[in-house]
Amino acid sequence: MDEFGVYAIFGVNGPPQRLLRAEGSCRVSAAVPPSVRQVVLFSSGPWGERICVNAELNDADQIPITIGKLTPYNKCLSWEQWEEETWTDGVTLNVSLEGGNPTNSQPELIAVNEYTPKNPTAPLADRELSGKRKRERSTEEDGGDRMSEARGEENICPNGVKEKATPVRKGKGQVKSQKLFGNGTDASKVKAAANEAGATPLQNAARTKSRQAKTPTQTSSLVGPSGRWGQTLCPIDAQTAILIGGQGARMQFCKDPMWKLCTEDLSWVAAETLAEGPTPEARIGHSAVFDPDSKRIFVFGGSKNKKWFNDVHILDTQSWRWTMVEAQGKVPPLAYHSCSMFRGELFVLGGVFPRPNPEPDGCSDSLYIFDPHLSIWYQPIVTGDKPSPRSGHSACVMQERYIYVFGGWDTPVCYNDMYMLDLGLMEFSVVKTSGKAPSPRSWHGSAVLSETKFLIHGGYNGNNALSDTFIFDIDTNSWTELKLAQLSTLRAGHSIVTMETPDHHGYSEDSSVSAGRTLLVFGGGDNEGTFFSDVTSVSVEDLLAAA
């Protein structure tokens, strides 16, 4: 196999079958046999000028699920049906090639050479798996209304079915979808729903509704990322930030998981195929922090449907190469945690972790530290009054000495309390605040504005997405609410960063103020059917002046 080709293996016993070849069509479809529960896609041979191969599965109603992309640096993908229970029989694999000047763009239909075992009786595992899926589908159909009302699991996306206009400008790539947060359920109902179906209420409700909605999945925009929530936006220099991951309409993981944002003109560049090495699997609820000394981004944790991650991926922004760390020590799979960089180490606090069925997922109150130099996880000895278990909280590093932890969620309670971790003493303490505090919330955005102030915006309160903005002063331990038109959009699960303002020549007499900086808000959902993809900018000086 010296020439370029893309091959698929259908089922664990199936032979490799060529789908794309150097001189053939750049678009191929193959009907997946009903007995097949796994698909493996891989490339062989030199890529030349070819950029990537897009892989997507569609059921009989043309509802897509994106497997991912093959690139010159990521040459193999796999999919198993248990990961996506929406797709049953009649699945079609669609593969398309980008780049390389293909001579034939006409779609080609390929027949799959199905493997026939000597004993046609299905293996026990397959029969049991099929029966389980049927029982789960029956549970979903019988209890669809109950599931759609259930809420409270941490692994939930802030968006919804009810499509209602919002008084904000629509960003490119903005996508509408079904409502994924329900209202008015207590913890016992949530746990019962989770126990009955063996999955979070959101996953079952969304899958039930997805069969009714039949709305197309968002496609990659040529000028910017698709609408999403649960992503990370990580500044790497004065004018560049890297967007990683996220989930959009119909709980679909974004086809365009990685972008570069240039803050000079707020333009985007697709970055997934720019980096070498094994890219992280699609996910939400992960963390991404940048180490300015080593010029590396550290991605940790997150979740994807029934998969939970505790892996560490590193992107070297100088060589543009991904590596996966083989870390020592123990850290559980976590999502919707906080991750702070301090003196070259990652401080991971809280988050959601999976429990064996039928137990619902739990929240952590533990602090884990990752040392990149030794590639080891360890738990420090921490004293004082530490926060209760929670996820979806925020953590701001202030004055290179303190981490301020605000809000979060532990089914069925949202918090608006504040804790401070003294990184010198490794001691937690409760922060007693004054002024009008933000209401209880999780999945809000936060950003450090100056040496003494940080901002909290939006979030989800257990029923609705929020749009209010507050600034906290660590000198006075006081809250101040801001009223700004630019930050009036309902958002949860969004990203907020501060970046240097291009060509800014202003001067501030207050050395603690981050002069010449801009606050950028990207993505999130409003719990009324909209995922955002626009970038909102506000001057940091204006925010501090308003406070």
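For the structure itself, consult the block above.
The structure presented is a predicted model; accordingly, all values stated were derived computationally and were not measured.

A. Inspection of the side chain of Ser29 at higher detail. As for its position among the elements, Ser29 is in strand β3 (residues 27–31). Other than its neighbours up to four places away in sequence, Ser29 contacts Thr92, Leu93, Asn94, Glu108, Leu109 and Ile110.

B. Geometry of the sheet that holds strand β16 (residues 296–300). With respect to topology, 4 strands assemble into an open sheet ordered β15-β16-β19-β20, the strand pairing being antiparallel. Each edge of the open sheet carries a strand with a single partner, namely β15 (287–291) and β20 (321–324). Direction aside, the axes of adjacent strands within the sheet are offset by 20° on average. Here 5 bridges tie β16 to strand β19 (residues 312–316), and the two strands are oriented antiparallel to one another. If you follow Phe298 over to β19, its bridge partner there is Ile314.

C. A look at the pairing of strand β32 (residues 445–448). Here β32 runs beside strand β33 (residues 453–460); their pairing, made up of 4 bridges, is antiparallel. Bridge pairing links Ser446 to Ile456 in β33.

D. A look at the side chain of Ser340. The residue Ser340 is located in strand β21 (residues 338–342) in this model. The contacts of Ser340, once residues within four sequence positions are left out, are Glu345, Leu346, Phe347, Ala395, Val397 and Ile403.

E. Region of interest: unusual backbone geometry. Note that the residue after Thr411, namely Pro412, is joined by a cis bond; omega there is 0°. A positive phi angle is found at Asn305, which is not glycine, with a value near 55°. Inspection of the secondary structure assignment puts Asn305 in the loop between β17 (303–304) and β18 (307–308). Judged by relative accessible area, Asn305 falls into the buried class, the value being 8%.

F. Here's a closer look at the packing of aromatic side chains. In the structure shown here, the tally under the stated rule is 20 aromatic pairs. Look at Tyr336 and Trp443: their rings are 5.9 Å apart centre to centre, the planes differ by 75°, and that puts the pair in the edge-to-face class. Placement of the pair is Tyr336 in the loop between β20 and β21 and Trp443 in the loop between β31 (427–430) and β32, with a sequence separation of 107 residues. Each member of the pair Tyr336 and Trp443 is classed as buried. Members of the aromatic cluster, each reached through a chain of ring pairs, are Tyr404, Phe406, Phe454, Phe470, Phe472 and Trp479. The ring of Phe309 has Arg283 lying over it, and the distance from NZ or CZ to the ring centre is 3.9 Å. In this arrangement the basic side chain of Arg390 is found over the ring face of Tyr415, its NZ or CZ atom lying 4.3 Å from the centre.

G. Molecular detail of the sheet that holds strand β37 (residues 517–522). The strand order β36-β37-β39 describes an open sheet built from 3 strands, whose pairing is antiparallel. The open sheet terminates on both sides in strands that have one partner only, identified here as β36 (495–500) and β39 (535–539). With strand direction ignored, the average angle separating the axes of adjacent strands in the sheet is 25°. Relative to β37, β36 is paired through 6 bridges, and the arrangement is antiparallel. Counted as the bridge partner of Met499 is Thr518 from β37.

H. Region of interest: a nonpolar patch on the surface. Taken together, the side chains of Leu374, Ile376 and Tyr378 make up a nonpolar region of the molecular surface, amounting to roughly 270 Å² of accessible area. Within the fold, Tyr378 resides in strand β26 (residues 376–378). You can call Tyr378 partly exposed: its relative accessible area is 33%.

I. Structural view of the environment of Ser537. Its place among the elements puts Ser537 in strand β39. Each C-alpha atom of the pair Ser537 and Leu520 lies 4.6 Å from the other, and the pair is 17 residues apart in sequence. Among residues more than four places away in sequence, those in contact with Ser537 are Gln486, Thr518, Leu519 and Leu520.

J. Expanded view of the pattern of salt bridges. Evaluated as defined, the whole model comprises 15 salt bridges. Where Lys436 meets Glu481, a salt bridge forms, and the shortest distance between an N and an O atom there is 2.8 Å. Highlighted residues: Lys436 in the loop between β31 and β32 and Glu481 in strand β35 (residues 478–482), separated in sequence by 45 residues. Residue Lys436 is classed as exposed on the basis of its relative accessible area, which comes to 53%. Salt bridges linked by common partners bring Glu281, Lys304 and Lys307 together as one network.

Cut-offs and rules
Every chain begins its residue count from 1, and numbering advances along the sequence as written. Whole-chain, interface and lining totals are the exception, using all residues; otherwise, since this is a predicted model, local features are given only for residues with pLDDT of at least 70 and side-chain atom pairs are given and counted only at 80 or more. Processing note: side-chain calculations cover all non-hydrogen atoms of the structure and skip hydrogens and water entirely. Only DSSP runs of H or I covering at least 4 residues are called helices, and only runs of E covering at least 2 are called strands; the numbering of each starts at the N terminus. Residue contacts are counted whenever heavy atoms from the two residues lie within 4.5 Å of one another. For two strands to be treated as a pair, DSSP must find at least two bridges joining them. Each axis is a line fitted through C-alpha atoms, taken for helices only over the stretch in contact, and angles between the N-to-C directions span 0 to 180 degrees. A simple rule labels every residue: compare its accessible area, found with a 1.4 Å probe on the protein chains alone, to the largest value its type can have, and call it buried under 20%, exposed over 50%, or partly exposed in between. Pairing of aromatic side chains here covers Phe, Tyr and the six-membered ring of Trp, requires ring centres within 6.5 Å, and sorts the geometry by plane angle: under 30 degrees stacked, over 60 edge-to-face, intermediate tilted. In this scheme, the term charge over a ring applies when either NZ of a lysine or CZ of an arginine sits within 6 Å of the ring centre and within 35 degrees of the ring normal. A patch consists of residues whose relative accessible area exceeds 30% and which take part in no salt bridge; residues with like charges are grouped when within 9 Å of each other, and nonpolar side chains (Val, Leu, Ile, Met, Phe, Trp, Tyr) when within 5 Å. Note on areas: these come from Shrake-Rupley sampling with a 1.4 Å probe, and a residue is covered only by the protein chains present in the view. In the sections that follow, a salt bridge refers to a side-chain nitrogen of Lys or Arg positioned within 4 Å of a carboxyl oxygen of Asp or Glu.

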